[in-house]
Amino acid sequence: MTTSDPSYDFAVGTSFDPNAGPGAHAAATGPAASGCPVGGGAGAVRLAGASYQQTPTELYRSLRREHGPVAPVLLDGDVPAWLVLGYSELSYVTTHDELFARDSRRWNQWDSIPPDWPLMPFVGYQPSVLFTEGDEHRRRAGVITEALEGVDQFELARDCRRIADRLIAGFSGSGRTELMHSYVHALPMRAVVQMCGMPVSGEDTQRLVDDLRISLDAGEGDDPVAAYGRVGDRLRQLVTDKRAAPGPDVTSRMVTHEAGLTDEEIVQDLISVIAAAQQPTANWICNALRLLLTDERFAVNVSGGRLSVGEALNEVLWLDTPTQNFIGRWAVRDTQLGGRHIRAGDCLVLGLAAANTDPEIWPESYVGAENSAHLSFSSGEHRCPYPAPLLADVMARTAVETLLEHLPDLMLAVEPDELSWRPSIWMRGLSELPVQFSPVAQ
Ligand code: HEM
């Protein structure tokens, strides 16, 4: 796995760009010696580095102290960018599309980006909703929003419960399991694929789930490019099938939408939806489970007046949000932001996690979980489309509650400080979550 671990991030089709893929790059830690070519002056900080990935809040604190709310940083291969750390600066960037837009083709660094740059899957332009702007974005995002609005939340909860029951039955007799593999990643992937209209069971659905997993999070010996090819083929077939016989699912609603998207547009956007849903939702479940299992304010048995699963899920969005940083936006023209001169074509990384803990909004240094004014789903035109956070909440809540109901004495099988975070500055989640519990008779 590379330091930046691009295969692990939901963002922009991940390994879905067949021309992209993790290439060799200099892994570096600590402040770069050179000045920042973006124009931010000396002291631009390299964002890669395992030590930061274990304690990102310290990185954000020191960046804020040294550079203020908009910090010059170096991405993989020392490519310069700005990290927007301030809550109000981030809100400004995401709600001013006329200044900070999504089409990465305006980047002023393309001349120095090799084709195998590890972050290429997130910045390489694709004709999907993610990179469109203005009216075209409204058209594409409108279709996705309406298709997701058609999802019945009670039915989704019921489907998630059934998926959870099946997954739990697979390991509950053994008294221990590694939850990331056996449960946390599997549940939202299944749920989203079913939501898009794939059959509930059968080899065909399982193959798609497996190929999506490889595309999003390739392991040793996997071939993500081949898997991505198969994902595209299967979704193309799904679109054809739903054109012929629409049903009560997301794909059918996209196909029959009056905006008249082409099959290829729908395939692109389905891939964006599935990828955008799976990784952040899985890591939301992961980080909430970690909190419930390690923090004594949360009882594993949620009765008895302790803090609830809902509070754990909300607290995680403030303090351990899945999508920590997101690439990004590209400046449309020269402008000012947080006291910095931003040049046309500069790349801005959305520092969602840093903004959530900005001392400007938490002057007492206490970060509360009582409200949902965090920026974990971003903000503005390109924010996570309105119904998606609600659907993610249904999936995450059902996943956590069903697990705790089946295995009420669930506990960590290692010491809390033995848990390690995936080495990614983009997506926050654990590498493994080993647990033990009283075996359930099958
Ligand atoms: C059902 C689950 C989900 C679905 C279907 C979904 C779907 C999407 C889609 C389609 C986009 C692209 C929007 C656009 O460019 O116009 C997006 C963006 C995004 N989503 Fe989600 N998402 C889900 C869950 C989540 C979760 C759990 C999180 C984090 C807690 C999250 C955070 C984000 C962020 C940060 C963006 C980027 C917004 C930006 O560019 O400003 N999403 N999501």
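Residues numbered from 1 in each chain as written. Predicted model: local features only at pLDDT ≥ 70, side-chain atom pairs only at ≥ 80, totals over all residues.

**Observations concerning the overall build of the protein chain**
Move 1: Looking only at helices and strands, the protein chain features 15 helices and 13 strands.
Move 2: If you take every contact in the protein chain between residues at least 6 apart in sequence, the share linking residues at least 24 apart comes to 74%. (Helix = DSSP H or I, 4+ residues; strand = E, 2+ residues; numbered from the N terminus. Contact = placed C-beta atoms within 7 Å.)

**Points about the site of the ligand**
Move 1: Every one of the 28 residues lining the ligand counts as a neighbour, but Ala276, Ala277, Pro280, Ser378 and Cys384 are closest to it.
Move 2: Those elements that place two or more of their residues in the shell around the ligand are helix H5 (134-149), helix H12 (263-294) and helix H15 (387-406).
Move 3: When residues in the shell around the ligand are grouped by element, the largest group, seven residues, is from H12.
Move 4: In terms of residue class, the shell around the ligand is built from 19 nonpolar, eight polar and one charged. (Near = placed C-beta within 6 Å. Nonpolar A, V, L, I, M, F, W, Y, C, P; charged D, E, K, R; others polar.)

**Considering the pairing of strand S5 (residues 79-84)**
Move 1: Across the six residues that make up S5, a large majority, six, are buried.
Move 2: Of the two faces of S5, both are covered, the one formed by Val79, Ala81 and Leu83 as well as the one formed by Pro80, Trp82 and Val84.
Move 3: Of the strand pairs in this sheet, strand S4 (residues 70-75) and S5 are connected by six bridges, and their pairing is antiparallel. Across the sheet, the residue bridging to Val70 is Val84, located in S5.
Move 4: A loop of three residues connects S4 with S5, the two strands running antiparallel in sequence, and Gly77 in this loop sits at a positive phi of about 70°.
Move 5: Examined bridge by bridge, S5 and strand S11 (residues 347-350) share three bridges and lie parallel to one another. The partner of Val84 across the bridge, within S11, is Leu350. (Buried ≥ 20, exposed ≤ 12 C-beta atoms within 10 Å, placed from the backbone. Pairing = 2+ DSSP bridges.)

**A look at the sheet that holds strand S3 (residues 45-46)**
Hydrogen bonds along the backbone pair up the strands of a sheet, which may run parallel or antiparallel.
Move 1: Here we have six strands laid out as an open sheet, ordered S3-S4-S5-S11-S8-S6, and mixed in their pairing. Each edge of the open sheet is held by one strand with a lone partner, namely S3 and strand S6 (100-101).

**A look at the nonpolar core**
Move 1: By size, the foremost hydrophobic cluster in this structure holds 76 residues, and its most contacted members are Leu187, Ile274, Ile285 and Ala288.
Move 2: At 17 residues, the largest contribution of residues to this core is made by H12.
Move 3: Residues Val70, Leu85, Tyr87 and Leu90 belong to the second largest nonpolar core, which totals 44 residues. (Core = buried A, V, L, I, M, F, W, Y, C linked by C-beta atoms within 7 Å.)

**Comments concerning the packing of helix H6 (residues 153-169) against H15**
Move 1: Between H6 and H15, whose axes approach to 9 Å, the crossing angle comes to 40°. Our classification of the angle between H6 and H15 gives oblique. Helix-helix and strand crossings are classified by hand; for H6 and H15 the assignment is right-handed. Of the residues in H15, those in contact with Gln153, Leu156, Ala157, Cys160, Arg161, Ala164, Asp165 and Ile168 of H6 are Leu390, Leu391, Val394, Met395, Thr398, Ala399, Thr402, Leu403 and His406.
Move 2: Looking at the contact of H6 with H15 residue by residue, the class counts come to eleven nonpolar, four polar and two charged. (Axes fitted to C-alpha atoms, helices over the stretch in contact; angles between N-to-C directions. Parallel < 35°, antiparallel > 145°, perpendicular 65-115°, else oblique. Left-handed = near helix turned anticlockwise from the far one by under 90°.)

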